[in-house]
Amino acid sequence: MAPPRLALQNIHLSFGGDPVLSGADLSLHERDRLCLVGRNGSGKSSLLKIAAGLLEPDEGERFLQPGTSVQYLEQEPDFSQFKTVQEYVVSALGDEAEAYKVAPFLDALGLDGGLDVKTLSGGEARRAALIRAMAPEPDILFLDEPTNHLDLPAIEWLEKELVQLRSALVVISHDRRFLEKVSSSVLWLDRGVSRLMQQGFAKFEAWRDEVFAQEELDAHKRDRKIAREEHWVRYGVTARRKRNQKRLGDLYALRQERRDHKGPQGTVSMERAESRTSGKLVVEAEGLCKSYDGRALVKDLDLRLMRGDRLGIVGPNG
């Protein structure tokens, strides 16, 4: 098998003395489609920045094959050095002669290259940042929450582009459907370490539950073994000193393992208070209108919502 384009080994990282990553690994080959998943605060964005070479770990090794090009899409792009969208997106190409590469992206996403970056909406800024990251056709593309601020047509366009892209891909997203569409493997950050599944995100939850179930079974076996050894300490110690010392040492190690074990994170406890049931009608409106700077966004809207209704609001950005 060919060596990886990128490899992270035994990555450790702490913030304010609190460990975030405790021996995480990552390996990326050509055309890989890897999604990083984990609960909030598990270190996904930090590991992505370390992989992209933007953040130094406290400990561990990063290997990038010589000549490998990378592009990183951050959550909050910096436009401060540029005047227009065209200037911003072309800046990643390194050669003005390749500026033609951005035109198809601008057309596909309906973005005007002459727009002043100071006037961009959230959706326009996100589309500009995507073009800047994708137009150079890097060997490795890192995307941190790429679907933020995008409308449905833009997300569907992005899904198709990423599936066809020649670059290796590492992506973080809270959009489950998006991850199912673009990923072929999953790297799960859990309690500071990484676990790899060589299947797309659609299989992740079943795999995660299997991991937790096995952990619970292993913990149960360990507790039973500790109970047996503690019974031996109380009632079965003999004169064979060396053997007894080793067995006592094993017992202390088991106890320490139980103390150090961290169970699944993110447990939620909820309580329900009794209250009087409201009426069936929740909202009723007639003839609603709303404008911004003379532009009508809502005109003569009639709306009636009953308790239990589920209303989705869709449309392009703006």
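Notes on the structure follow. Here the structure is a predicted model, which means the values were calculated and not measured.

1. Here we look at the sheet that holds strand S1 (residues 6–15)
Okay, step 1: Strand order in the open sheet formed by three strands is S2-S1-S4, with antiparallel pairing between adjacent strands. Among the strands making up the open sheet, the edge pair consists of strand S2 (18–28) and strand S4 (59–64). The sheet shows a mean angle of 20° between the axes of neighbouring strands, taken without regard to direction.
Okay, step 2: With eight bridges joining them, S1 and S2 adopt antiparallel strand pairing. From the neighbouring strand, histidine 12 faces S2, where its bridge partner is serine 22.
Okay, step 3: Helix H1 (residues 44–51) rests against S1, S2 and S4 of the sheet, and its axis sits at about 130° to S1.

2. Focus on the pairing of strand S7 (residues 168–172)
Okay, step 1: Burial within S7 is extensive, with five of its five residues counted as buried.
Okay, step 2: Burial of S7 is two-sided: the residues Ala168, Val170 and Ile172 facing one way and the residues Leu169 and Val171 facing the other way are all buried.
Okay, step 3: As defined by bridge partners, strand S3 (residues 33–37) adjoins S7 across three bridges and the pair is classed as parallel. When the bridges of S7 are listed, cysteine 35 appears paired with valine 171.
Okay, step 4: The pairing of strand S6 (residues 140–144) with S7 spans five bridges and is classified as parallel.

3. So, the nonpolar core
The nonpolar side chains of a soluble globular protein tend to be buried, and buried together.
Okay, step 1: Formed by 46 residues in total, the largest nonpolar core has its most connected members in Ile131 and Leu162.
Okay, step 2: The leading source of residues in this core is helix H4 (residues 122–134), at seven residues.
Okay, step 3: Not counting chain neighbours up to four residues away, the residues in contact with isoleucine 131 comprise Val89, Val102, Phe105, Leu106, Leu109, Leu111 and Pro136.
Okay, step 4: In terms of nonpolar packing, the next biggest core, distinct from the first, is built from 24 residues, Leu26, Leu34, Ile140 and Leu189 among them.

4. Here's the deal with the pattern of salt bridges
Where charged atoms from two side chains of opposite charge come close, those side chains can pair.
Okay, step 1: All told, the structure shown has nine salt bridges when counted by the stated rule.
Okay, step 2: As a salt-bridge pair, arginine 176 and glutamate 205 come within 2.8 Å of each other at their nearest N and O atoms. With arginine 176 in helix H6 (residues 176–182) and glutamate 205 in helix H7 (residues 204–235), the pair connects residues that are 29 residues apart, well separated along the chain.
Okay, step 3: Accessibility expressed as a relative area gives 33% for glutamate 205, which makes it partly exposed.
Okay, step 4: As a salt-bridge pair, arginine 191 and aspartate 190 come within 2.4 Å of each other at their nearest N and O atoms. With respect to burial, arginine 191 and aspartate 190 carry one shared label: buried.
Okay, step 5: Through salt bridges with shared partners, a single network forms among Arg5, Glu30 and Asp139.

5. A word on the packing of aromatic side chains
Okay, step 1: In total, this model carries seven aromatic pairs according to the counting rule given.
Okay, step 2: When the ring of tryptophan 188 is compared with that of tryptophan 207, the centres are 5.6 Å apart and the planes differ by 70°; the resulting orientation is edge-to-face. Pair noted here: tryptophan 188 is in strand S8 (residues 185–190) and tryptophan 207 is in helix H7, with a separation of 19 residues, a long-range link. Across the pair, tryptophan 207 and tryptophan 188 agree in class, each one buried.
Okay, step 3: The ring of tyrosine 88 has arginine 132 lying over it, and the distance from NZ or CZ to the ring centre is 5.2 Å.
Okay, step 4: Of note, arginine 195 hangs over the ring of tryptophan 188, and the distance from its end group to the ring centre comes to 5.2 Å.

Rules behind the numbers
Here the residue index of a chain counts from 1 through its sequence in written order. Where totals are concerned, whole chains, interfaces and linings use all residues; where local detail is concerned, this predicted model gives features only for residues with pLDDT of at least 70, and gives and counts side-chain atom pairs only at 80 or more. The side-chain figures draw on all heavy atoms in the structure; neither hydrogens nor water molecules are used. Strands pair, by our definition, only if DSSP identifies at least two bridges between them. Secondary structure follows DSSP: runs of H or I at least 4 residues long count as helices, runs of E at least 2 residues long count as strands, and numbering of each begins at the N terminus. To obtain each axis, a line is fitted to C-alpha atoms, and for helices this fit is confined to the stretch in contact; angles are then taken between N-to-C directions over 0 to 180 degrees. By the convention used here, residues are in contact when the closest approach between their heavy atoms is within 4.5 Å. Type-normalised accessible area, obtained with a 1.4 Å probe on protein chains alone, sets the label of each residue: buried when under 20%, exposed when over 50%, and partly exposed for intermediate values. Among buried residues, the Ala, Val, Leu, Ile, Met, Phe, Trp, Tyr and Cys ones that are joined through side-chain atoms within 4.5 Å form a nonpolar core. Salt bridges, as used here, are contacts in which a Lys or Arg side-chain nitrogen is within 4 Å of a carboxyl oxygen on Asp or Glu. To pair, rings of Phe, Tyr and Trp, with the six-membered ring standing in for Trp, must have centres within 6.5 Å; the planes then decide the type, stacked if under 30 degrees apart, edge-to-face if over 60, and tilted in the middle. Criterion for a charge above a ring: Lys NZ or Arg CZ within 6 Å of the ring centre, and within 35 degrees of the ring normal.

None of the figures reported here should be taken as evidence of function without further support.
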